[in-house]
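Fold and contact review
Residue strings, one per chain:
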Amino acid sequence: DLLTDMKDEGGGVIFVDEAYQLATDREGKKVLDFILPLAESLDTEYGSLVWVFAGYKKQMEKLFEHNEGLPSRFPYRFIFEDYTDDELQKIFCDMMEFKPPQRNSPKKNKQEKKATPPYQNNNYYSYPRGTPYAGQ
């Protein structure tokens, strides 16, 4: 159980993706009603909890309209811009370029091994936004 683990550890971070779905049905509303008192302070019976609600901007705005107590319990909002068409095309093209997996075998010539960026270790990878990739 997630909350039991949090209690044993003295707290933690709970990430709720697509949090706007909590206001769409009875079960979600029950979960939201359970979360709200816990989100009032950092120190709870489960330790120090940090809640992160994530979701699409328009749907999240509707969630915050659903309950007047949400804005005060979740005072910080971070809004990330969507990728531009050019950024999406670049990500797609980079993903389509075949890159053989890197092997972690010892080098025969005993040269110091250079750090390999994580996106070169497999054929499926993504680039953090604004991060230049190898070869650029």
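Attention here is on the structure that accompanies the text.

About the criteria used
- Residues numbered from 1 in each chain as written.
- Predicted model: local features only at pLDDT ≥ 70, side-chain atom pairs only at ≥ 80, totals over all residues.
- Heavy atoms only, no water.
- Pairing = 2+ DSSP bridges.
- Helix = DSSP H or I, 4+ residues; strand = E, 2+ residues; numbered from the N terminus.
- Core = buried A, V, L, I, M, F, W, Y, C linked by side-chain atoms within 4.5 Å.
- Buried < 20%, exposed > 50% of the residue type's maximum accessible area, 1.4 Å probe, protein only.
- Contact = heavy atoms within 4.5 Å.
- Phe/Tyr/Trp six-rings, centres within 6.5 Å; stacked < 30°, edge-to-face > 60°.
- Lys NZ or Arg CZ within 6 Å of the ring centre and 35° of its normal.
- Salt bridge = Lys/Arg side-chain N within 4 Å of Asp/Glu carboxyl O.
- Patch = residues over 30% accessible without salt bridge, like charges linked within 9 Å, V, L, I, M, F, W, Y side chains within 5 Å.
- Areas by Shrake-Rupley, 256 points an atom, 1.4 Å probe, with all protein chains shown as cover.
- Lys, Arg positive; Asp, Glu negative; His and termini not counted.
- Charge placed at Lys NZ, Arg CZ, Asp CG, Glu CD.

With that settled, the discussion passes to the sheet that holds strand 1 (residues 11–16). An order of 1-3-2 is seen for the three strands of this open sheet, with the pairing classed as mixed. Two strands bound the open sheet, and with one partner strand each, they are strand 1 and strand 2 (43–44). Bridging between strand 2 and strand 3 (residues 47–53) involves two bridges; their strand directions are antiparallel. For Thr44, the partnering residue across the bridge sits in strand 3 and is Gly47.

Of all hydrophobic cores here, the largest spans 22 residues; its most connected members are Trp51, Phe53, Leu63 and Phe74. Elements supplying a minimum of two residues to this core: helix 1 (2–9), strand 1, helix 2 (26–38), strand 3 and helix 3 (57–66). Here the element with the most residues in this core is helix 2; it accounts for four residues. Apart from residues no more than four positions distant in its own chain, Trp51 is found in contact with Ile14, Val16, Ile35, Leu38, Ala39 and Phe74.

What follows deals with the packing of aromatic side chains. Describing an aromatic ring pair means giving the distance of the ring centres and the angle of the ring planes. This structure, assessed with the given rule, holds three aromatic pairs. With a centroid separation of 6.4 Å and 80° between ring planes, the pair formed by Phe64 and Phe74 is classed as edge-to-face. With Phe64 in helix 3 and Phe74 in the loop between helix 4 (70–73) and helix 5 (85–96), this pair connects stretches of sequence that are 10 residues apart. An aromatic cluster is defined as three or more aromatic residues linked by ring pairs; in this entry it consists of Phe53, Phe64 and Phe74. The ring of Phe64 carries Arg77 above its face, with NZ or CZ at 4.0 Å from the centroid.

As a further point, take the pattern of salt bridges. One pass over the structure, following the stated rule, counts three salt bridges. Salt-bridge contacts for Arg73 lead to Glu40; the nearest nitrogen and oxygen are separated by 2.6 Å. Of this pair, Arg73 sits in helix 4 while Glu40 is found in the loop between helix 2 and strand 2, placing the two residues 33 residues apart along the sequence. Residue Glu40 is classed as exposed on the basis of its relative accessible area, which comes to 55%.

A contiguous patch of negative charge on the surface is contributed by Asp1, Asp5, Asp8 and Glu9. Relative to the helices and strands, Asp5 is located in helix 1. Note on Asp5: relative accessible area 46%, which makes it partly exposed.

A separate point is the environment of Asp43. On the secondary structure map, Asp43 appears in strand 2. When the C-alpha atoms of Asp43 and Gly11 are compared, they prove to be 8.3 Å apart, with 32 residues separating the residues in sequence.

Moving on, we get to a nonpolar patch on the surface. A cluster of nonpolar residues, Val13, Phe15, Leu42, Val50 and Val52, forms a patch on the protein surface that exposes about 450 Å² of accessible area. Counting only elements with at least two residues in the nonpolar patch, the list comes to strand 1 and strand 3. Here Leu42 is to be found in the loop between helix 2 and strand 2. The class of Leu42 is exposed, set by a relative accessible area of 54%.

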